[in-house]
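# Tertiary structure, described
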Amino acid sequence: MRYRKLGNTGLLVSEIGLGAEWLERHNTEEVQKIIRHAEEKGINILDCWMSEPNVRSNIGAAIEGRRDKWIIQGHIGSTWQNGQYVKSRDLTKVENAFRDLLERMKTDYIDLGMIHFVDEVEEFQKISTNEFYDYVAKLREDGVIRHIGMSTHNPKVARLAIESGKVEMIMFSINPAFDMLPSTEDLNQYFLESSYDPCLGGINRERAELYSLAEEKGIGITVMKGYAGGRLFDASTSPFKVALTPVECIHYALTRPAVASILVGYDSTEHVDEAVHYEEASDEEKDYATVLANAPKNAYSGACTYCGHCAPCPSGIDIAMVNKLLDLALMQREVPSSLKEHYKSLSKNGKDCIKCGGCEKRCPFGVKVETRMEEAEAVFAK
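The rules behind these values
- Residues numbered from 1 in each chain as written.
- Predicted model: local features only at pLDDT ≥ 70, side-chain atom pairs only at ≥ 80, totals over all residues.
- Heavy atoms only, no water.
- Salt bridge = Lys/Arg side-chain N within 4 Å of Asp/Glu carboxyl O.
- Helix = DSSP H or I, 4+ residues; strand = E, 2+ residues; numbered from the N terminus.
- Buried < 20%, exposed > 50% of the residue type's maximum accessible area, 1.4 Å probe, protein only.
- Core = buried A, V, L, I, M, F, W, Y, C linked by side-chain atoms within 4.5 Å.
- Contact = heavy atoms within 4.5 Å.
- Axes fitted to C-alpha atoms, helices over the stretch in contact; angles between N-to-C directions.
- Parallel < 35°, antiparallel > 145°, perpendicular 65-115°, else oblique.
- Left-handed = near helix turned anticlockwise from the far one by under 90°.
- Nonpolar A, V, L, I, M, F, W, Y, C, P; charged D, E, K, R; others polar.
- Phe/Tyr/Trp six-rings, centres within 6.5 Å; stacked < 30°, edge-to-face > 60°.
- Lys NZ or Arg CZ within 6 Å of the ring centre and 35° of its normal.
- pLDDT = per-residue confidence, 0-100.

Bringing the pattern of salt bridges into the picture now. Across all of its chains, the model carries 22 salt bridges by this definition. Between Arg 207 and Asp 179 there is a salt bridge, with the nearest N and O atoms lying 2.5 Å from each other. Of the two residues, Arg 207 is situated in helix 8 (residues 205-217) and Asp 179 in helix 7 (residues 176-179); the sequence distance between them amounts to 28 residues. A single burial state applies to Arg 207 and to Asp 179, both of which are buried. Through salt bridges with shared partners, one network takes in Arg 2, Arg 4, Glu 15 and Glu 279.

Shown next as structure tokens:
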């Protein structure tokens, strides 16, 4: 296992980490088996954003007596209310949930105290200047958290956080589907190998500039959604209509500037091995660029690649974000409560579509955006 510096935090993290969300599906024995196997393979960073009590307790039991082996990302603002996850900024609920995290994880400190799930600019501007941030800062001052981080899927929010100087690292969603932006509307040019330069070419400029800024400022990035919820592993669900492998997705994330670790979800020890194989994979196994360059030129018509050409929406809907959430939801047997909460927390979502048709005219891939907004509302309103 190779280790990387997490920005200026002074922490050395395994470049392949453990995103614990999938562990909610498993019992105490299974969780311990997966976590211990990950540790044996050299993984030393673990993200637990979930507020569900059982998974927190199971993780705590698995690392008991081995706390010093793990760098923990623990989220502040993820709460458990009436039997379900709720993102909250209510300090009473937030404080209770964070104490619960410490107790169930059997620790008196969290390495990376993550301001949980900030995806809109107005929300960041609000919480970064009010009592919520004061609480997080006090936790750091008291040594209960060692560093302040933040999780977001929005590059605008991530950039604001970096420029504010109020966070030391960010957890951000990175994969080829999320990063892509056509440099041309000529679809025959869209997948040229030259578009996948490790620096800027072919990547949404806003996201590319974010990664470069983070590197410049010493703000480390840990990666979530590196597999796009598994969507990229199947040609029938990939927006590119070609399948990528775990190794290719991992390589994509780890070649972005400022990225220190990709946090992978594991359902089994075999999944751990699939990810850790990256450490000994050949250059050919890592070559996502050639795979994407050989994608069928028109087969992906009608599939959202989250490129952003649909904007601006007169209703203020972040269409790409709604489509991302919908695609992630459709990959699951049951829609996770976290996705429902994410969708509902957007200031505008599918229900606000006025069917003006402007987005569909601008989409280079012919996505039926109005239909997708209706589908999103139907899926997440259940």
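From this point on, the discussion continues.
On to the nonpolar core, then. Grouped together as the largest cluster of nonpolar side chains are 113 residues, with contacts concentrated most on Leu 18, Ile 35, Ile 59, Phe 98, Ile 221 and Phe 380. Counting residues per element, this core draws most heavily on helix 13 (residues 319-330), at eight residues. Excluding anything up to four places from it in sequence, Leu 18 contacts Leu 23, Ile 35, Ala 38, Ile 43, Ile 45, Leu 46, Asp 47, Trp 70, Leu 263, Val 264 and Tyr 266. Among the nonpolar cores identified, the runner-up in size contains 12 residues, and Leu 112, Met 169, Ala 260 and Leu 263 belong to it.

At their nearest, the axes of helix 6 (residues 155-164) and helix 8 sit 10 Å apart, and the two run at 20° to each other. Classified by the interaxial angle, the pair formed by helix 6 and helix 8 is roughly parallel. Taken as a pair, helix 6 and helix 8 cross one another with a handedness that is left-handed. Here Pro 155, Lys 156, Ala 158, Arg 159, Ile 162 and Glu 163 of helix 6 lie close against helix 8, whose contacting residues are Glu 206, Arg 207, Glu 209, Leu 210, Leu 213, Ala 214 and Lys 217. Looking at the contact of helix 6 with helix 8 residue by residue, the class counts come to six nonpolar, no polar and seven charged.

Attention now moves to the environment of Met 105. Here Met 105 lies in the loop between helix 3 (91-104) and strand 8 (110-115). Sequence separation of Met 105 and Ile 72 is 33 residues, and the distance between their C-alpha atoms is 9.7 Å. Residues contacting Met 105, with those up to four places away along its chain left out, are Leu 46, Cys 48, Arg 56, Ile 59, Gly 60, Ile 63 and Ile 72.

Below, the discussion takes up the packing of aromatic side chains. This structure, assessed with the given rule, holds five aromatic pairs. On the numbers, 5.2 Å between centres and 75° between planes, the contact of Tyr 252 with Tyr 288 is edge-to-face. One end of the pair, Tyr 252, is in helix 9 (residues 246-254); the other, Tyr 288, is in helix 12 (residues 288-293), and 36 residues separate them in sequence. One Lys or Arg, Lys 87, reaches over the ring of Phe 117 and ends 4.3 Å from the middle of that ring.

Looking now at the confidence of the model for the chain. Chain-level statistics for the chain give a pLDDT mean of 89 and a share of 91% at 70 or above. Per-residue pLDDT stays below 50 along residues 182-201; that stretch engages in 48 contacts with residues further than four places along the chain or on separate chains.

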